[in-house]
Amino acid sequence: MITEYRTFLNPKKVYIPLTDIDSKIANVSVEEGDRVLVGQIVAYKFKGKDKTPVLSTVSGTVVGFVEKLDRYAKIVDHIIIENDLLMETIELTNYKDKLAVSQDRNFIHNVTTYSENISTAQVRTALKGLGIQKVTVDGLFTDIKFKGQTEHIVVNAIFTNEPFISTDYEAIIHNAEAIADGICLLGIGAGAKTLTVIVDKYMPAEALDELGKAIVDKNIELISINVKIIKSWDYKIIQKLVKHNLSLNLLDDGVLYTSVHAALMVHDAIRKGIPVTSRQVAITGDGLKVNAVYDVRIGTLFSDLVEDLEGYHEVENMNLHIGSFLTGIQLDNDDFAITQSVDSINVSEYREVEEDVCIKCGDCNDICPAGILPQNIMDAELRSVNSRIVELDTHLCVECGLCTYVCPSKINVLEWVRRAKRRVG
Ligand code: SF4
Ligand code: SF4
């Protein structure tokens, strides 16, 4: 259970992956021994022609490059930067509209900002230049990208990470105006028709009040739901917006789906010139002596956070999970760096789940947001009937894991669907 809020913003070294699951090639722009500043581009990573900058999250010296495990369980090149603790940031002259002085978040240099009026092109350039694309994690969330026509911006103020829910309502109370502005900026960047923020019906009154006041004149619709009753609530809301079954990537449906933290980062980047150098991560699980929500410097090793949390309990089979239990990634090692796509980590004792037989209740079929029939797919996979797997549109599965979540027999239905996909893929 989360009992504390902590910060870990000054690691001795940061390890920044040069590539990721999408962008597999990088061009490095610095050498060992170079001094770098916060927000300085240390490399560009490429996905086809799409080029994304990799930024330093501290000021200090490049002390080397190393191949190590990343948060997607892949071995990739990382740059190692020794932190001089000065947090000297680059002056973002490219994005200059008016000069402002910011003492926020330990930044000791002047930074530059955009004033109120900003164009779609400026939003896109600023977000790309500051490397803000993956500030949430797996599941239904999308990257912060504007792909073709992005008609709907949907922002989640609930932070569900099944089966636990971690919510930092303090951040909403203190930053409601900035969050609302971030949502509007995303809308401008996308040229969106609708802006929506989803809240839990039982969110604390003060947080709801602040958010309500901040969005009142901004054309942002607030949808309040009871997360304990409504299963797959975000799927249902988004399906209603787009009026059809959802794709593997919501950007293809014209939806950018992100969190209030991401909206805050967008505001910080565009209005204050602050690149994404830290993020909030919920660290939970009975494997750790202390559970906490951290404001952590990107590039910090998870093993450093574990030390800060007083280490592990003595548990025989440890299970380390990044992201949602249903769709996240499992790692067998804590020697990986926090990136902007890590929002939660759980370390728990591994417990075998006893599966029962399928009772053909149809719950998995009913809940599937892709409109396919996971029970039937599982059946076809069990019988190895390729033609039936294809006929059932298995490729449309968005790997949300809801079929597994609702199954009363505790069957990992998603895993069967994945196998079926691989069989015919
Ligand atoms: S994981 Fe299950 S519920 Fe989700 S889209 Fe795939 S088949 Fe449907
Ligand atoms: S929810 Fe589970 S028990 Fe029910 S039909 Fe699907 S796989 Fe079978």
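Residues numbered from 1 in each chain as written. Chains lettered and ligands numbered in written order. Predicted model: local features only at pLDDT ≥ 70, side-chain atom pairs only at ≥ 80, totals over all residues. Heavy atoms only, no water.

Further remarks concern the confidence of the model for the protein chain. The predicted model of the protein chain has a mean per-residue pLDDT of 84, with 88% of residues at 70 or higher. Predicted confidence in the protein chain is weakest over strand β9 (residues 98-100), with a mean pLDDT of 37, and strongest over strand β2 (residues 13-17), with 97. For the stretch residues 93-113, pLDDT sits under 50, and the model shows 57 contacts to residues farther than four places along the chain or on other chains. Between residues 161-166, whose pLDDT stays under 50, and residues either more than four places distant or in other chains, the model counts 18 contacts. (pLDDT = per-residue confidence, 0-100. Helix = DSSP H or I, 4+ residues; strand = E, 2+ residues; numbered from the N terminus. Contact = heavy atoms within 4.5 Å.)

Around ligand 1 sit Cys368, Pro369, Ala370, Pro374, Cys397, Val398, Glu399, Cys400, Gly401, Cys403 and Leu414, and those are all the residues in its vicinity. In the shell around ligand 1, the residues fall into 9 nonpolar, 1 polar and 1 charged. (Near = heavy atom within 4 Å. Nonpolar A, V, L, I, M, F, W, Y, C, P; charged D, E, K, R; others polar.)

Time to look at the packing of helix α8 (residues 374-382) against helix α11 (residues 413-424). Taken N-terminus to C-terminus, the directions of α8 and α11 make an angle of 60 degrees; their axes are 9 Å apart at the nearest point. As judged from the angle between their axes, α8 and α11 are oblique. For the crossing formed where α8 meets α11, the hand is left-handed. Together, Pro374, Ile377, Met378, Glu381 and Leu382 of α8 and Val413, Trp416, Val417, Arg419, Ala420 and Arg423 of α11 make up the contact between the two elements. Its residues assigned to classes, the contact of α8 with α11 comprises 8 nonpolar, no polar and 3 charged. (Axes fitted to C-alpha atoms, helices over the stretch in contact; angles between N-to-C directions. Parallel < 35°, antiparallel > 145°, perpendicular 65-115°, else oblique. Left-handed = near helix turned anticlockwise from the far one by under 90°.)

Attention now moves to the sheet that holds strand β5 (residues 41-47). Read across the sheet, 3 strands follow the order β3-β5-β6 without closing on themselves; strand pairing throughout is antiparallel. Edge positions in the sheet fall to β3 (25-28) and β6 (50-55), since each of these pairs with one other strand and no more. The sheet shows a mean angle of 25 degrees between the axes of neighbouring strands, taken without regard to direction. Summarising the sheet, β5 and β6 pair through 6 bridges and their orientation is antiparallel. Bridge pairing in β6 links tyrosine 44 to proline 53. (Pairing = 2+ DSSP bridges.)

Bringing the site of ligand 2 into the picture now. Surrounding ligand 2, one finds Cys358, Ile359, Lys360, Cys361, Gly362, Cys364, Gln375, Met378, Cys407, Pro408, Ser409 and Val413. Within the shell around ligand 2, the residues separate by chemical class into 8 nonpolar, 3 polar and 1 charged.

This part covers the packing of aromatic side chains. By the definition in use, this model includes 2 aromatic pairs. Ring geometry for phenylalanine 141 versus tyrosine 257: centroids 4.7 Å apart, planes at 25 degrees, classification stacked. Remark: tyrosine 257 occurs in strand β16 (residues 255-259) and phenylalanine 141 occurs in the loop between α1 (120-129) and β11 (152-156); sequence separation between them is 116 residues. A relative accessible area of 18% means that phenylalanine 141 is categorised as buried. Judged by centre distance (5.4 Å) and plane angle (25 degrees), the ring pair of phenylalanine 302 and phenylalanine 336 falls under stacked. Residue phenylalanine 302 is found in helix α6 (residues 302-308), and its partner phenylalanine 336 is found in the loop between β20 (329-331) and β21 (344-349); the two are separated by 34 residues along the sequence. (Phe/Tyr/Trp six-rings, centres within 6.5 Å; stacked < 30°, edge-to-face > 60°. Buried < 20%, exposed > 50% of the residue type's maximum accessible area, 1.4 Å probe, protein only.)

It is worth spelling out the pairing of strand β17 (residues 278-284) at this point. Here β17 lies mainly inside the structure; 7 of its 7 residues are buried. Every second residue of β17 is oriented toward a common face, with Ser278, Gln280, Ala282 and Thr284 on one face and Arg279, Val281 and Ile283 on the other, all of them buried. Alignment of β17 against strand β18 (residues 292-297), held across 6 bridges, turns out to be antiparallel. Residue pairing for β18: serine 278 is matched across the bridge by arginine 297. Pairing of β17 with β21 involves 3 bridges; the strand directions are parallel. Following the sheet pairing, alanine 282 is matched in β21 by serine 344.

One open sheet accounts for 4 strands, arranged β2-β8-β7-β4; its pairing is antiparallel. The open sheet has two free edges, formed respectively by β2 and β4 (35-36), since each of these has just one partner strand. Where β4 meets strand β7 (residues 60-69), 2 bridges bridge the pair, whose relative direction is antiparallel. Note that in β7 the partner of arginine 35 across the bridge is threonine 61.

The first and last C-alpha atoms of α11 sit 17 Å apart over 12 residues, in line with the 16 Å expected at 1.5 Å per residue. Taken as a whole, α11 has its buried residues at Val413, Leu414, Trp416, Val417, Ala420 and Lys421. Angular distribution of buried residues about the axis of α11 spans 160 degrees; they occupy a single face of the element. In this structure, the buried side of α11 is in contact with α8, α9 (386-391) and α10 (402-406). (Expected span 1.5 Å × (residues − 1). Arc of directions from axis to C-beta.)

Once that is clear, we can look at the environment of leucine 309. Within the element layout of this structure, leucine 309 appears in the loop between α6 and β19 (318-322). Leucine 309 sits 17 residues away from alanine 292 along the chain, and the two C-alpha atoms are 8.1 Å apart. When neighbours within four sequence positions are excluded, leucine 309 is seen to be in contact with Arg6, Ile283, Leu288, Lys289, Val290, Ala292 and Tyr294.

The subject of this paragraph is unusual backbone geometry. Positive phi is not limited to glycine here, since leucine 85 has a value of about 65 degrees. Within the secondary structure, leucine 85 is located in the loop between β8 (75-83) and β9. Notably, methionine 87 is not glycine yet its phi reads approximately 50 degrees, a positive angle. As for its placement among the helices and strands, methionine 87 is situated in the loop between β8 and β9.

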